Amino acid sequence: MCGLFGIFPEDTTSSPDVTRLRQSGFAIRHRGPDASKILSEPGLGLAHQRLSLVDTDTRSDQPFTDPSGRYTLVYNGEVYNFRTLRAELEALGIPFRTTSDTEVVLHSLIQWGEDALARFDGMFGLAFIDRQTHRVLLARDRFGMKPLYWMQGMTEQGPAFLFGSEIKAFEPWITLQPNVESIAAYLMKFGGPTSGPTFYQGIRSLTPGTYLWHDGSGNIDIASFFHLTDFLDLDEMARLDGLSAADIVDEYADLMHKSVASHLFADAPVGAFCSGGVDSSLIVAIAAAQHQNIALFHANVKGAWSEVDAASELAKSLKLDLHVIEAEEQDFVDMIPRVMRHYEYPFSYHPNCAPLMMIAQLAADSGIKGLLSGEGSDELFLGYPWLGRKRLTDGYERMISGLGSAIRAIPGVGPILAPDRMGNMENVRDILNGREMAQDKRAVADSLAQLPRKFQERGRQWSLDYMHHHLRTLLHRNDTMGMAAGIEARFPFLDTQIARFGINLPTRYKLRGSPFVLEKAHPFIRDKWVVREVANRYIPNTLSQRIKIGFWTTVFQRLEIRPEYFRNAHLGDLFSLTRTQMTNTIEEASPDLRLRLLLTEVWLRCRLDHQDEDLEINRLRDHVSIRPDRFRPRPSSANKPVGAAVHS
């Protein structure tokens, strides 16, 4: 919805520089092109860029202050249950002067303090300021749908506390420095930081479901208002376990209808991503029943993995227009610098960022401000192809691991016969990334261990594991790629009630045996069963039963990265390597490591050294090529070229 930045100088008599505040706002102007405002007073500076979706009148612009002038809010996101909260506040005698959720969030925090945070159903990164006591509350939604970064340290105007929606907003005040530990963890196959340490020295990402109080004297207190394991509810597990399959499907269908309705609410146009997969197709079908002529947007990733035929089939069945942007293989390379500018760290974990950014721009050019998206379904309802066979693969890995451990335990010869080739790498990687994933997994395992054995289902563990780091990376991708074009991504599957339902749902309604499922990834297992059963009510069976593809691309796996690209590499300086050592590193690197080194080098050049993006694109074109895709799908119309930008 917006972009925010704030600074609390340690010297409370000093007013932050207005020019720098404007520069911070300008750096994140893409997040909020509808209004730009700043506030500068002794001890406080704020900048806000507004994307207007609810109450588009200027009366709801931010920073937003209560009538007394004591409390001020800068806020990024949407709280979908704001009308219910408003009714409660009005019953307490609190008057309102707008119809926005912003004013409801402000008065909720005034009335209930941090206890209000758990009552918000939606996405947010916010700063709530008490200008009388000079305290600020930062908070981030339970899933991490909206970003929020902070730091405390020396700035160009002396020691201060800073916070913002994007790290680039900090640059007018500090010189960004690389965090070598995060870079090293990434090179060791970590997907990237989403909580705590970032790729930038001294800057931290506020953990989802937490809040931070800063008291103006440099004291910081951080606490959680929600853990994802709080969704675990024994009574709900028992209730769902006792329902029939038909009742489960009916209940889920009702939850989806309510969620899509709340996510469609806006005073500005909202459309939908339409990948052709079952998740976005279900959202689109329900949205079409509630909203006349909703706009659909699709990126045709040309080649063997194109899904444009499925997306077109859905649009045709619902009698809707499908807006299509063509994504060529070269776009994945050419757009690396621009994607990096918004993603803000290397993104090999999600190589499909480019088509998402292209969709967002197409939607913005079409006058749309928000897009419904299907993130959360695969995590809650086990839709990833490998999860259908995970019991088998986990069993095999345990057997091999156990055999290796037994051999290594043989005195003298054990370590020689079965050397531990991974050594301490995984533990060291955990240390370097602040144990982000390790702590999440430990929290999930500990919470499940407290349940009766009947409810300690592996499927429940898989859902919770994937709802942490993996989901946060997806939400970061969608937020940054959408907001690059001023498009807000909304996630109906992450409605609080749906998440509670999904976490407590028995695994048999997620992964279900069927003799008619002949997929190579998991034969005789139907994934996301309850999602597909509801989808059967609204869309053709050919769409409701499709396997997951999800903007799949093998471009990054097929890159030929020539060592010449790394001549005079910033990476060499970062790791104190001579030119010869850097060359040897590149020559010896595996394809995965070479890709990660390439993306890290682009990040260093474009994000820290501010090299011109066009120059970097030319460097990539000179030294990076794409090998032909050897995959040959079975004969299908799925790869025919698209002749028109809009399909009816």
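Not measured: the values here are computed from a predicted model.

1. Here's the deal with the pairing of strand S1 (residues 2-9)
For S1, the buried fraction is high: 8 of the 8 residues fall into the buried class. The side-chain alternation of S1 yields two buried faces, one formed by Cys2, Leu4, Gly6 and Phe8 and the other by Gly3, Phe5, Ile7 and Pro9. Looking at chain direction, S1 and strand S3 (residues 44-50) are connected through 6 bridges and run antiparallel. Each residue of the ladder has a partner; that of glycine 6, found in S3, is leucine 46. As defined by bridge partners, S1 adjoins strand S9 (residues 158-164) across 5 bridges and the pair is classed as antiparallel. Across the sheet, phenylalanine 8 pairs through a bridge with phenylalanine 161, a residue of S9.

2. Regarding the environment of glycine 486
Residue placement: glycine 486 occurs in the loop between helix H18 (469-483) and strand S18 (488-490). Given a relative accessible area of 5%, glycine 486 falls into the buried group. Considered as a pair, glycine 486 and threonine 580 are 94 residues apart in the sequence and their alpha carbons are 44 Å apart. Apart from the residues lying within four places of it in its own chain, the contact partners of glycine 486 are His30, Leu51 and Lys369.

3. Let's talk about the pattern of salt bridges
The full count for this structure, using the stated rule, is 42 salt bridges. Between arginine 70 and aspartate 130 there is a salt bridge; the shortest N-O distance is 2.8 Å. A residue pair is termed long-range when its members are at least 10 positions apart, and arginine 70 in the loop between strand S4 (64-65) and strand S5 (71-79) and aspartate 130 in strand S6 (residues 122-130) qualify at 60 residues. A relative accessible area of 26% places arginine 70 in the partly exposed class. Note that lysine 454 and aspartate 241 form a salt bridge whose closest N and O atoms lie 3.2 Å from each other. Remark: aspartate 241 occurs in helix H5 (residues 234-241) and lysine 454 occurs in the loop between helix H16 (436-449) and helix H17 (458-466); sequence separation between them is 213 residues. Through salt bridges with shared partners, one network takes in Arg31, Lys146, Glu166, Lys168, Glu171, Glu344, Asp479 and Arg607.

4. A short note on the side chain of threonine 65
Along the chain, threonine 65 falls in strand S4. Engagement of the side chain of threonine 65 in a polar contact is seen with the side chain of threonine 72, the distance being 2.8 Å. Of the polar contacts made by the side chain of threonine 65, one reaches the side chain of arginine 131; its length is 3.4 Å. In this structure, threonine 65 is in contact with Tyr71, Thr72, Arg97, Leu106 and Arg131, ignoring residues within four places of it in sequence.

5. Topic: the packing of helix H2 (residues 82-91) against helix H3 (residues 101-112)
For any two helices packed against each other, the geometry comes down to the angle between their axes and how far apart the axes lie. One way to put it is that H2 packs onto H3 with a least axis distance of 10 Å and a crossing angle of 50°. The orientation of H2 with respect to H3, classified from their angle, is oblique. The crossing of H2 and H3 is left-handed. Residues Phe82, Leu85, Arg86, Glu88 and Leu89 of H2 touch H3, and the partners they reach there are Asp101, Val104, His107, Ser108, Gln111 and Trp112.

Calculation criteria
- Residues numbered from 1 in each chain as written.
- Predicted model: local features only at pLDDT ≥ 70, side-chain atom pairs only at ≥ 80, totals over all residues.
- Heavy atoms only, no water.
- Buried < 20%, exposed > 50% of the residue type's maximum accessible area, 1.4 Å probe, protein only.
- Helix = DSSP H or I, 4+ residues; strand = E, 2+ residues; numbered from the N terminus.
- Pairing = 2+ DSSP bridges.
- Contact = heavy atoms within 4.5 Å.
- Salt bridge = Lys/Arg side-chain N within 4 Å of Asp/Glu carboxyl O.
- Polar contact = N/O pair within 3.5 Å; in protein donor to acceptor, adjacent residues only side chain to side chain.
- Axes fitted to C-alpha atoms, helices over the stretch in contact; angles between N-to-C directions.
- Parallel < 35°, antiparallel > 145°, perpendicular 65-115°, else oblique.
- Left-handed = near helix turned anticlockwise from the far one by under 90°.

Function cannot be inferred from these measures alone, as they are strictly geometric.
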